[in-house]
Amino acid sequence: NEDGIGDEHNWIAFRKQFASPLGKTSMITIIADVVKDRPPGLTSRRILGIFRSHLKLVDRNDGLDDILSGSNGLSRANMLKILLAAAKLSIRCDALEMRKLNQPGVDESEVAKSVVADVVQTLTTLTRFQHIMWNPNSYDWSLKGVSVEMLSIFCEALDVLVKATTLVKHGVHSDTLDVSVIMSRCLVSTIFQAGSLPAKPSASIEHDTWKTFPLPNEWQTDFERKLSLKAYNLCVACCVSAFSGWETEEFSVDKLRSREDDTNLFGITFANSRVAGFLSDEITSSISQQWQRVQPLLPNLEALDFDTHLDRRKEAEWYQKIIDSAAQQRGKVSTFGEDDGIKSLLSFSMLCLIAADAKKNQNDQGNFLKLSMSILLPITQFIIDKHVWASNIGVENKNDRDEVDYYLDEKHRWMGQTKTTKVVRFQSRPKPTVHQPSQQQRQKQNPRSFQSPKPPAARPRPKISKLIKVPTSVLLDEWSKDESPKLTNAGEAERAMKKMDFAMKNLRKSRTLNALEQSSLDVSAALIDVAATEECYNPFLCLQQAAMYAELGSKLGSNDEPFKKCLPSKERCTALEALVILGRADCLRAIHFLHEAQYLCSWVISVCRLHRDRQEATFLWNDRWRVIGVLCYVTKATIDQTGANLRSNNKSALTLRKWEDGAQEEANRGKSDALILVGTDSGEVGNELPQIEVDDNAGNDSTMLDAIQDDLMLDASQHETGLVSQNANGLVAEPFDFNQLGELPVPVIEDVQMGGEYDGIQVVGI
C-alpha cells in the first residue's frame, strides 16, 4: 500500500513516527493501530472512552481543525488515525449492542434510542471533518487511504442505523429518525458529489400516475439526478476494473484507466441497448427487501418481482461466464471502495423508505420516496437489465458498443487503450553536462581547424504574454473606495500575523533545499491568511508575495494541502473572500496544480458574473467587485500561459480543461476594467497582447504578480496587522534566477529591532 493514513508512503510515516518523541498522542496512536481492525470485545468501550477523552482534550487546547489542516504531517496523521479508529470502534460497539434486542426483558426502544444517538454522534464527527477526510483525486478520481476508510465507516454506520430502525417492533421515535436521515443526507451529498438539496422541495409525486414500468423521471431535482448518476457509476465500477466509480461524468470507455496490478475485468454488457452487469448477493438481497417496502407505499404501481427477474438473469450464459471471470481475478475489481459506496446508498435509500412510511404528510412522504427511488431505480435496471425508468442514465452509447465489440476478448478482459494513472510531475531539469572533446578528437573531426569548437546554441527562450500592468496602488485605491461597514476581527488578524511571523522564522532557519521549499509554502499560506482579514492594509501585496513564495515550493505531490479551504456559498461570498480565493488559485498555479487553480478561478468568475448582472438584484456591483473582475482576467491569463509553458517543456504535461464561454466573456470585461483603471485607451491594446522574454532555466516558468523585488517591510508599528509597504509595479512578476546548480536562492531574512522590541519582518532580498 503506497498511501498511508496521512497520505504519505508507509515507510516515510514509519520513519517519522520512529524519530518523534513518544508522547501521549503517540501512545494512543499505537493503540488505535492495534484495535482498529479487531472485533469489539469487553474492553472496547473502555478504549473508546480513552480515545474520546483525548480527542476532547486536544480539541479544547489546540483545536482539531487547526491540527488537521496544519502543515505538521505527523500530527495530522496521528489525529486522523485516532479519529478514524474511534469512529470505527464506536460503530462496532453499537453493532454489538444491537445483539441485546434478542435477549428477554430488554427494553428495545431504549437500546435502539441509545444506539441511534451514538451513531448520530459518529456521523456528526465525520460531517465536521468531511472536507479533510474526503478528498478524491480529481485527476484520475482515485481515493486515498483516509477517504476509503471514512467511506467504510459511513457504510457500517448506516447499516447499524437501518438495523436499529427496522428490528425494533414498535419502531423508533419520529424525531430520532428525522435526525438520522438529515445527518446521513449531509454526508451523502458530500461523498457522492450530489451538491445541496434545493431550498424549496419540488412537487410531490402523483401516485396515481405511477402505475406501470418504465417510470418517468421528470420529477427528479438536480440533487436526485446526481445521486442516480453516482449510483450507476458505482455499479459499473464494481464490474469494470479500469473505471473509477467516483467520476463526475457518466461512464464511457474513454474514461478507463490502467491499473498497476494485473486485474482486468470488463463485466458489463450492452445486449438490450442498456448497460447491465452484476452485483454481489449482499447488495441484491438489500434491493429485493426495498422493493417489498415500496409496494405498500405505492399501491397503484405494478409489482416488480425482483427475485424472479434476478434468477432469470443469473441463468443467462453471459452472466455465468462473467461470474467465473470475476472469480479468477487476483485483485479486487472495485479498487476505491465502490462496493461500500453502493451499500451506503442502499442503506440511505432504506432509511428514506422507513421515514416515508412513518410520515403522514403526503408531501414529506413523496420527497423521501423520490430520494429512495433515485437510488433504487438505476441500480435495479443495471442488475436485472429491465427498462424500469425513462432516464438516459445507463443507456447504451453507440461508440462504446463499437469499441467493446472490438477490444473485448473471450475472457471479458479489456484489450483497448486506457489512460495512465501516473500523474506527470514537473521537476527542474538538471543542466546537461557538456563534454569537451580532446584536441586530437577535434583534429580528427576537422583537421583544418585547431580552434575551440563553437559553443552550443542557447536554448530558445519561451514567450509569455505580457498582461496589462495595473499597479497594486491603483487596485488598493479602487478597493478602498468601498465605504460599507466591514466585519473586523482584531484577534483573528493578530493570530494571522503571529502565524506569519512563525513561518518567516522557520524560513530563515532553512539550510537545505527541501526545508526551503516546505517553509516557503508555509509562508505563502500564512500570507493568504493575513490577506483574508479586513485589518490587512494591502491584501494585494500579501497575495502577490504569497504567489512568489509558493513558486519557491516543490511542485505537485501533496503540496496543495495548505491551500485547501471550504468555499462559501455564492450568495454570501464577499469581495474579500473572492480575492483570497483568487490568491489561493494563483498559489496553486505556481506549484502546478493547474486544474485546481482553474476550478477556483472559474468559481470566482461565476460569482463575479452574478454581481455584474444588473438583473440579479441580490448581488451588488461596487468598486471592490470591479477589482475582482480585473484579477479574474489576470488569474485566468496566467493559468493559461503557465499551462502552455509547461506543455512546451513537457509534451505529456496535463492539459487544461476548456474554459466556459461565460468565463471568457467575464475575463474580457475584466480586461476592459483594467484598461480603464490604468487610463489606457482600449485601441492601444489589441487582441494579441505583446510578448516579453523570460529566462526559463530548469523548465520553471513564472507568470505571477509582477513586483520589483525591493525591500519589503511588514511593519507592525504603522498598523495593527497587515502588510504596510506598497509595490506599484504591476501584476506580472519577473522569474527567479537559478544558480549554476539549478537551485533557487535562499531568501535573506533579517529581524528589525526597534526600541528593544520585535517590530516586524523585513525581506532584504529574494
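That block above? That's the structure.
Residues numbered from 1 in each chain as written. Predicted model: local features only at pLDDT ≥ 70, side-chain atom pairs only at ≥ 80, totals over all residues. Heavy atoms only, no water.

(A) Focus on the overall build of the protein chain. Counting its secondary structure elements, the protein chain contains 25 helices and five strands. Evaluated residue by residue, the protein chain yields a buried proportion of 50% over its 766 residues. Put simply, of all contacts in the protein chain between residues at least 6 apart along the chain, 77% involve residues at least 24 apart. When the accessible surface of the protein chain is split by element, carbon and sulfur atoms take 49% of a total near 37,600 Å². (Helix = DSSP H or I, 4+ residues; strand = E, 2+ residues; numbered from the N terminus. Buried < 20%, exposed > 50% of the residue type's maximum accessible area, 1.4 Å probe, protein only. Contact = heavy atoms within 4.5 Å. Areas by Shrake-Rupley, 256 points an atom, 1.4 Å probe, with all protein chains shown as cover.)

(B) How the structure looks around the packing of helix α23 (residues 594–612) against helix α24 (residues 623–649). For the pair α23 and α24, the least separation of the axes is 10 Å and the interaxial angle reads 155 degrees. By the criterion of interaxial angle, the relationship of α23 to α24 is roughly antiparallel. The two elements α23 and α24 meet at a crossing, and its hand is left-handed. On the side of α23, the interface is formed by Leu594, Ala597, Gln598, Cys601, Val604, Ile605, Val607, Cys608, His611 and Arg612, while α24 contributes Trp625, Ile628, Gly629, Cys632, Thr635, Lys636, Ile639, Thr642, Gly643 and Leu646. Class assignment of the residues belonging to the contact of α23 with α24 gives a composition of 12 nonpolar, six polar and two charged. (Axes fitted to C-alpha atoms, helices over the stretch in contact; angles between N-to-C directions. Parallel < 35°, antiparallel > 145°, perpendicular 65-115°, else oblique. Left-handed = near helix turned anticlockwise from the far one by under 90°. Nonpolar A, V, L, I, M, F, W, Y, C, P; charged D, E, K, R; others polar.)

(C) Geometry of unusual backbone geometry. Each neighbour pair has its own omega, and for Phe213 with Pro214 the value is 0 degrees, a cis peptide bond. Locating Pro214 in the fold gives a position in the loop between α9 (174–191) and α10 (222–237). The phi torsion at Ser273 lies on the positive side, around 60 degrees, for a residue other than glycine. By secondary structure assignment, the location of Ser273 is in the loop between α10 and α11 (281–297).

(D) Spatial organisation of helix α6 (residues 108–128). For α6, which comprises 21 residues, the first-to-last C-alpha distance of 30 Å matches the rise-based estimate of 30 Å (1.5 Å per residue) to within 8%. Listing the buried residues of α6 in full gives Glu108, Val111, Ala112, Val115, Val116, Asp118, Val119, Val120, Thr122, Leu123, Leu126 and Thr127. Against the buried residues of α6 lie α3 (44–61), α5 (73–97), α7 (130–133), α8 (145–166) and α9. (Expected span 1.5 Å × (residues − 1).)

(E) Examining a nonpolar patch on the surface more closely. Judged by side-chain polarity, Leu22, Met27, Ile30 and Val34 come together as a nonpolar surface patch covering roughly 380 Å² of accessible area. Within the secondary structure, Leu22 sits in the loop between α1 (10–19) and α2 (24–35). (Patch = residues over 30% accessible without salt bridge, like charges linked within 9 Å, V, L, I, M, F, W, Y side chains within 5 Å. Salt bridge = Lys/Arg side-chain N within 4 Å of Asp/Glu carboxyl O.)

(F) Spatial organisation of α2. For α2, spanning 12 residues, the distance from its first C-alpha to its last is 17 Å, which sits close to the expected 16 Å at 1.5 Å a residue. Along α2, the residues classified as buried are Ser26, Ile28, Thr29, Ala32 and Val35.

(G) Local environment of the packing of aromatic side chains. Counted under the stated rule, the structure contains 10 aromatic pairs. Both rings, one in Trp134 and one in Trp246, keep their centres 5.1 Å apart while their planes meet at 75 degrees; by these two values the pair is edge-to-face. Of this pair, Trp134 sits in the loop between α7 and α8 while Trp246 is found in the loop between α10 and α11, placing the two residues 112 residues apart along the sequence. With relative accessibility at 5%, the residue Trp134 sits in the buried group. Judged by its relative accessible area of 0%, Trp246 falls in the buried class. Ring geometry for Phe266 against Trp414: centres 5.3 Å apart, planes inclined by 25 degrees, an arrangement best described as stacked. Of this pair, Phe266 sits in the loop between α10 and α11 while Trp414 sits in the loop between α16 (398–407) and α17 (439–445); the two residues are 148 residues apart in sequence, bridging distant segments of the chain. The exposure class assigned to Phe266 is buried, which follows from its relative accessible area of 0%. (Phe/Tyr/Trp six-rings, centres within 6.5 Å; stacked < 30°, edge-to-face > 60°.)

(H) Region of interest: the side chain of Arg76. Examined against the element boundaries, Arg76 turns out to sit in helix α5. Of the buried charged residues, Arg76 lacks a salt bridge, with Glu561 as the closest side chain of opposite charge at 5.3 Å. Discounting residues that sit within four places of it in the chain, Arg76 has contacts with Ile67, Leu68, Gly70 and Ser71. (Lys, Arg positive; Asp, Glu negative; His and termini not counted.)

(I) The state of the cysteines, seen in detail. Across all of its chains, the model carries zero disulfides by this definition. For Cys238, which is in no disulfide, the shortest distance to another cysteine sulfur is to Cys239 and amounts to 6.4 Å. For Cys238, a relative accessible area of 12% translates into the label buried. (Disulfide = S-S within 2.5 Å.)

(J) Seen up close, the packing of α10 against helix α15 (residues 362–384). One way to put it is that α10 packs onto α15 with a least axis distance of 9 Å and a crossing angle of 30 degrees. In terms of their interaxial angle, α10 and α15 are classed as roughly parallel. The hand of the α10/α15 crossing is right-handed. When α10 is examined against α15, the residues Phe223, Glu224, Leu227, Ser228, Ala231, Tyr232, Cys235 and Val236 are found in contact with a partner set consisting of Lys370, Leu371, Ser374, Ile375, Pro378, Ile379 and Phe382.

(K) Layout of the environment of Pro216. Here Pro216 is to be found in the loop between α9 and α10. Relative accessible area serves as the criterion here: at 28%, Pro216 is assigned to the partly exposed category. Each residue touching Pro216, except ones within four places of it in the same chain, is listed here: Trp210 and Ala390.

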